[in-house]
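# Residue-level structure breakdown
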Amino acid sequence: AGDKLLELCVDSVSKNGNVRLNIGPRHDGTISGLQVSRLKTLGEWLQVNGEGIFESRPWTRPSAKTEDGADLRFTRKRDSLYVFMLARPKGETLVIPDTQVVENAKVIQLGGLSDLKWVQRQGALAVSLPKTEACYAGVLKVTPAHVSSA
């Protein structure tokens, strides 16, 4: 259920929307454990990845699919493009279709410690992912985002 809430949030923001959460307290003012759990999951995810959500704008397209069928969502902010992975790709490389970046672009995974290696491949951006297991909806940041949709 937490994954679906993250997916709803990311999908909505990538399409210039927003999400409102209705938290209904019980008669004694407490909040159910299920609602608290979902809010904590969303809050923990936003602590790491919120940069790609807060004050962001839609990119030239809201979504794409990788060759292996993993869903991607996109936002942009200032000179950065954010790529949300709604599923971990099956291989060690994420191929973002129809995406061109400038030669000196820098790619990082939010919450990560180092730059990721990338290459342009037939109009697609191929990024080598870190070996560590990313949380659901990991986010890549591409800067500068002089990025175009091919």
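Treat the numbers as computed from the prediction; the structure is a model and nothing was measured.

Analysis parameters
Residues numbered from 1 in each chain as written. Predicted model: local features only at pLDDT ≥ 70, side-chain atom pairs only at ≥ 80, totals over all residues. Heavy atoms only, no water. Helix = DSSP H or I, 4+ residues; strand = E, 2+ residues; numbered from the N terminus. Buried < 20%, exposed > 50% of the residue type's maximum accessible area, 1.4 Å probe, protein only. Contact = heavy atoms within 4.5 Å. Areas by Shrake-Rupley, 256 points an atom, 1.4 Å probe, with all protein chains shown as cover. Lys, Arg positive; Asp, Glu negative; His and termini not counted. Charge placed at Lys NZ, Arg CZ, Asp CG, Glu CD. Core = buried A, V, L, I, M, F, W, Y, C linked by side-chain atoms within 4.5 Å. Pairing = 2+ DSSP bridges. Axes fitted to C-alpha atoms, helices over the stretch in contact; angles between N-to-C directions.

Counting its secondary structure elements, the protein chain contains two helices and 10 strands. With the C-alpha coordinates of the protein chain rotated into their principal frame, the extents come out at 60 × 30 × 25 Å. Put simply, the protein chain has 150 residues, and 41% of those count as buried. Partitioning the contacts of the protein chain with sequence separation of at least 6, the portion at a separation of at least 24 is 62%. Carbon together with sulfur atoms contributes 50% to the accessible area of the protein chain, which is approximately 8700 Å² in total. Across the protein chain, the 20 positively charged side chains and the 16 negatively charged ones have centroids separated by 3 Å.

Now for the nonpolar core. Phe-74, Val-83, Leu-94, Ile-96, Val-127 and Leu-140 are the most contacted members of the largest nonpolar core, which has 19 residues in total. Elements supplying a minimum of two residues to this core: strand S1 (57–65), strand S2 (71–77), strand S3 (80–85), strand S4 (93–96), strand S8 (124–128) and strand S9 (138–143). Residue contributions to this core peak at three residues, all from S3. Ignoring any residue separated from it by four or fewer positions in sequence, one finds Phe-74 in contact with Ser-14, Trp-59, Arg-61, Pro-62, Ser-63, Ala-64, Leu-81, Tyr-82, Val-83, Phe-84 and Ile-96. Core analysis: the next-biggest nonpolar cluster, separate from the first, contains 14 residues, Val-13, Trp-45, Tyr-82 and Leu-86 among them.

With that settled, consider the pairing of S2. Counting buried positions along S2 gives five out of seven residues, so the element sits mostly inside the fold. Pairing analysis gives six bridges linking S2 to S3, with the strands arranged antiparallel. Across the sheet, residue Arg-76 finds its bridge partner in S3, namely Leu-81. Connecting the antiparallel pair S2 and S3 is a turn made up of two residues, with Arg-78 showing a positive phi of about 45 degrees.

For the rest of this paragraph, the subject is the sheet that holds S8. Strands in a sheet are paired, the pairing made by backbone hydrogen bonds, and the direction either parallel or antiparallel. Ordered in space as S4-S8-S7, the three strands form an open sheet in which the pairing is antiparallel. If you trace the sheet from one side to the other, it starts and ends with S4 and strand S7 (118–121), each paired once. In this sheet, adjacent strand axes meet at a mean angle of 20 degrees when their direction is disregarded. Summarising the sheet, S4 and S8 pair through four bridges and their orientation is antiparallel.

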